[in-house]
Amino acid sequence: NKGLESTTELQNKIYQSAQRSGTSYTSIVDSISKLSSMNDIFGSNNEAIAFTELMSKGMSANGVTGESQSAAMDQIIQSMSSGNIGADTTQLLAQTSPIMTQGLQEYMNNIRGVEGSLQEMAGQGLITANDMRNAMFMSAGDIEQGFSSAPMTFGQVWTRIMNVASMACQPLLNALNFIADNFS
């Protein structure tokens, strides 16, 4: 938490993002915590939440959900944390989300003025984490449209149910932690 909101407010924003994207709350928290540590790329919790939600929706629109989605998101975030997006990451992006791949290609060609394939650009170290961030936000409309037109899977429905259960149990877990911490 970057200190601009209460922990409860931040948890609620993340929960709403997880529900909108049909992604596990814990997976979204993990991704956001990694992105939030990139202060030079994500200036606020809201940006990290929005980016994570878009990435999740972009993959879901292509049928990539659950553990496969979580693993792909981890690899992309790890690549972003290094500063440059490598060829392996652009290949993964092409496999998991053609919408995001197209958005990154358009961003690099039209905004950055770099010609060639994403693989070539990545091989030359031309795609930065900021490029990935900016391309994702530039492609938000296309990602949202692709996500909304894709059918919801049973796995996504179940994940949303589990997210609700997890949030409903949170006060009880907090109370148990308090008791454990204060009454040894």
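Residues numbered from 1 in each chain as written. Predicted model: local features only at pLDDT ≥ 70, side-chain atom pairs only at ≥ 80, totals over all residues. Heavy atoms only, no water.

Visitor: A description of helix H2 (residues 25-36) should follow, citing residues and the corresponding values.
Guide: Helix length check: H2 (12 residues) gives 16 Å between terminal C-alpha atoms against 16 Å at 1.5 Å per residue, within 8%. Turning to H2, its buried residues number three or more, namely Tyr25, Ser27, Ile28, Ser31, Ile32, Leu35 and Ser36. In an axial view of H2, the angular spread of the buried residues amounts to 160°, which keeps them on one side of the axis. (Helix = DSSP H or I, 4+ residues; strand = E, 2+ residues; numbered from the N terminus. Expected span 1.5 Å × (residues − 1). Buried < 20%, exposed > 50% of the residue type's maximum accessible area, 1.4 Å probe, protein only. Arc of directions from axis to C-beta.)

Visitor: Describe the nonpolar core, with residues and values.
Guide: Judged by nonpolar contacts, the single largest core of 41 residues is most densely connected at Met55 and Met80. Elements that contribute at least two residues to this core include exactly helix H1 (7-21), H2, helix H3 (45-60), helix H4 (66-81), helix H5 (87-96), helix H6 (98-111), helix H7 (118-123) and helix H8 (129-138). Tallying contributions element by element places H3 first for this core, with six residues. Aside from chain neighbours lying at most four places away, what touches Met55 is Met73, Ile76, Ile77, Met100 and Met136. (Core = buried A, V, L, I, M, F, W, Y, C linked by side-chain atoms within 4.5 Å. Contact = heavy atoms within 4.5 Å.)

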